[in-house]
Amino acid sequence: MKTKQQNPHIRNVAIIAHVDHGKTTLVDFMLRQSGTFREHQELDDRVMDSMDLERERGITISSKNCAVYWKDVKINIIDTPGHADFGGEVERGLKMVDGAILLVDASEGPLPQTRFVLEKALEAHLKIIVVVNKIDRKDARCQEVLDEIYSLFIDLDADDDQIDFPVLYAIAKDGMVKNTLEEEGSNLAPLFKVIVDEVPPPTYDPKESFQMLVTNLSYSDYMGRLAIGRIFNGKVHNNDNLVCLSEDGIPRPLKVSSLQVYDGIHVKDVESVDPGDILTLSGIENVEIGDTICTASAPKALRRFIIDEPTVSMKFMINTSPFAGTEGTYVQSRKILERLQKETLYNVALKVDAGETADSFLVKGRGELQIAILIETMRREGFELSVGRPEVIMKEKNGIKLEPIEHLFIDIDEDYTGIVTEKLSKRLGRMINMVNHGTGRVRLEFSIPSRGLIGYRSEFLTDTKGTGLMNSYVQEYEPYRGDIQSRTAGSLVADRRGTSVTYGLFHLEPRGILFIEAGVPVYEGMIIGEHNRRQDLNVNPCKSKKLTNMRASGKDEQTILSPIIPMTLEWAIEFVRDDEQVEVTPKNIRIRKNVLSASFRK
């Protein structure tokens, strides 16, 4: 029988939570209070949000590591995304840890993404520490939220040990945690103590040789490809001769050129690394997430982790509009394909397949937000491309067509219950629960096909005057529920190339909602607005006023257009129909018809 040993000087812990429950803020203060930063060092808020998009949106997109020291114990912390669309990041982050801190808002309670990440943590048999955050909120309901957390654990079939979790109460933005609501808190010492006492130290088999599971990849201009992962067995030294075992099981030799471990938010070079620690290793080029790095003398693969299947696909194409190549640096299909393939190396939940033509590709992911983030990142890097409407990936079993069904949670004012229920029922949603806390807001739960939610978010925000909260996660596959009527309104389509003018747009306003202002270049087939009626309408936004003696050209100065809502990438992706696509460049987002010429479209 194998005798396992523990490394008592290390704890590996992930922080899991729903979006905006204070996860990254808590990590900030853990870094500050553990002495990672110097006393008067200038610091940004949310230091773990390293991407511009993460800072702008206030969400964690990619899983990130850091390490703090508490007394003589090193605590490796994994900050995981709270959104189910980035579930691939969560799954590989949990592979590195022995425990998880579940952070829950004291007012909102456990939300669907909380459920998604907690289910993954319980499946991995991690020790859970529950932290109820934002207890200073006026609408905090700590005891009720704790009851909801217990119900969620029972609902997810947690065993007796998992349900017996320690509970802490926090105000993360003040860097304060306490054991009970009554006591005074001043710092995060209770949290550090619970992590050290409750999270089991990493175990390893002293008889096994070195084994490391690659859970993340990075790149350095100086050292090339970096493999990041946890050491499950054995010890590694600089310049060791190792091999990489990929999915095919063929050992590929490599020589370690540098070993690095996390120290705060940075890495430091070391000569050797003990079992249980999280390691960054350079000296290998052909490595993928899920590979095992081990000794050349005794190559033995660790179990690869399984990522949930993609549920949404989107078509990526080269930009074929008349403005193609005028605003971006990378426009060729080869460049787009290279960038997409590079993304699949770092993002295991994404898949890229060949499209119907040589210039198109099918990108599959866990949700439209995940793919929208990829498009936005590419756009900022100088890429120019077109993308089609998101489509749900169907399955077939015993000749029956199955589709992904989502569990949808909606939090709205009581007044909007009717309109939201009516809209969701048209999209084949079925209400399965309704909770009224007596605060004027209602929580509704629906079972709805994933395709029913495509294009609904912007409509939902309009219906609830921007006050509604909507969250969902893919629950299961069910037989196809039937056809859903997509967008009921047609499009206002420009019928010529030119520049929009105030006079032309002013006379189009009664026809529908416009997307552009005066002075915007347009082309035939470009969609400039939403029509009031079902059918598309070809219009001329470049029409200027005829100049005569009776009507002077200066009279246009009194013409004032209604303000337009700036177009965002997510809104454009949700808006388009099957015969339309979104043109994305570093400077602009436009919507256009697949076939630009009006005569060919007929």
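The structure reproduced in this document is the subject of the present report.

Thresholds, definitions, all that
Residues numbered from 1 in each chain as written. Predicted model: local features only at pLDDT ≥ 70, side-chain atom pairs only at ≥ 80, totals over all residues. Heavy atoms only, no water. Helix = DSSP H or I, 4+ residues; strand = E, 2+ residues; numbered from the N terminus. Expected span 1.5 Å × (residues − 1). Buried < 20%, exposed > 50% of the residue type's maximum accessible area, 1.4 Å probe, protein only. Arc of directions from axis to C-beta. Axes fitted to C-alpha atoms, helices over the stretch in contact; angles between N-to-C directions. Parallel < 35°, antiparallel > 145°, perpendicular 65-115°, else oblique. Left-handed = near helix turned anticlockwise from the far one by under 90°. Contact = heavy atoms within 4.5 Å. Nonpolar A, V, L, I, M, F, W, Y, C, P; charged D, E, K, R; others polar. Pairing = 2+ DSSP bridges. Core = buried A, V, L, I, M, F, W, Y, C linked by side-chain atoms within 4.5 Å. Polar contact = N/O pair within 3.5 Å; in protein donor to acceptor, adjacent residues only side chain to side chain. Salt bridge = Lys/Arg side-chain N within 4 Å of Asp/Glu carboxyl O.

Here's the deal with helix H5 (residues 142–155)
Count 3.6 residues to each turn of an α-helix, and residues three or four apart come out pointing the same way. End to end, H5 covers 20 Å across 14 residues, agreeing with the expected 20 Å (1.5 Å per residue, within 8%). For H5, the full list of buried residues reads Cys142, Val145, Leu146, Ile149, Leu152 and Phe153. The arc that holds every buried residue of H5, seen down its axis, measures 115°, which confines them to one face. Phi turns positive, to about 60°, at aspartate 157, one or two residues after H5.

Topic: the packing of helix H8 (residues 333–346) against helix H9 (residues 368–380)
What describes two packed helices is the angle between their axes and the distance between those same axes. Across the interface, H8 lies against H9 with an axial gap of 12 Å and an inter-helix angle of 130°. One finds that H8 runs oblique with respect to H9. As H8 runs across H9, the sense of the crossing is right-handed. Where H8 abuts H9, its residues Ile336, Arg339, Leu340 and Glu343 lie against Leu374, Thr377 and Met378. Here the contact of H8 with H9 is composed, by residue class, of four nonpolar, one polar and two charged.

Topic: the pairing of strand E18 (residues 278–282)
Looking along a regular strand, one sees the side chains alternate between the two faces of the sheet. With five of its five residues buried, E18 lies for the most part within the structure. Burial along E18 is two-sided: Ile278, Thr280 and Ser282 facing one way and Leu279 and Leu281 facing the other are all buried. Bridging between strand E11 (residues 224–233) and E18 involves five bridges; their strand directions are antiparallel. In the strand pairing of E18, alanine 227 is matched with leucine 281. Of the pairings in the sheet, the one linking strand E15 (residues 258–263) to E18 comprises four bridges and is antiparallel in character. Note on E18: the bridge partner recorded for leucine 259 is leucine 281.

Some thoughts on the nonpolar core
Formed by 39 residues in total, the largest nonpolar core has its most connected members in Leu102, Leu118, Ile128, Val130, Val132, Ile149 and Phe153. Only strand E2 (10–17), strand E5 (99–105), helix H4 (112–123), strand E6 (127–133), H5 and strand E7 (167–171) provide two or more residues apiece to this core. Of the residues forming this core, the biggest block, six residues, is contributed by H5. With residues near it in sequence (within four places) discarded, valine 130 still touches Leu102, Ile149, Phe153, Phe165, Pro166, Val167 and Leu168. Of all hydrophobic cores here, the second largest spans 29 residues; its members include Phe316, Leu385, Val387 and Ile527.

A short note on the side chain of arginine 141
Of note, arginine 141 is situated in the loop between E6 and H5. Its relative accessible area of 13% is what places arginine 141 among the buried residues. A distance of 2.8 Å separates a polar atom in the side chain of arginine 141 from a polar atom in the side chain of glutamate 148. Residues within four places of arginine 141 in sequence aside, it is in contact with Ala106, Ser107, Glu108, Gly109, Glu148, His437 and Arg443.

Overview of the pattern of salt bridges
Within the structure shown, the criterion is met by 35 salt bridges. Between aspartate 98 and arginine 230 there is a salt bridge whose closest N-O contact spans 3.2 Å. Here aspartate 98 is found in the loop between helix H3 (87–94) and E5, whereas its partner arginine 230 is found in strand E11, with 132 residues between them in sequence. Residue class for aspartate 98 comes out buried when judged on its relative accessible area of 16%.

Digging into the environment of alanine 296
Its place among the elements puts alanine 296 in the loop between strand E19 (292–295) and strand E20 (312–317). Taking the C-alpha atoms as reference points, alanine 296 and valine 243, separated by 53 residues in sequence, lie 5.3 Å from one another. The contact partners of alanine 296, leaving out residues within four places of it in the chain, are Asn241, Leu242 and Val243.

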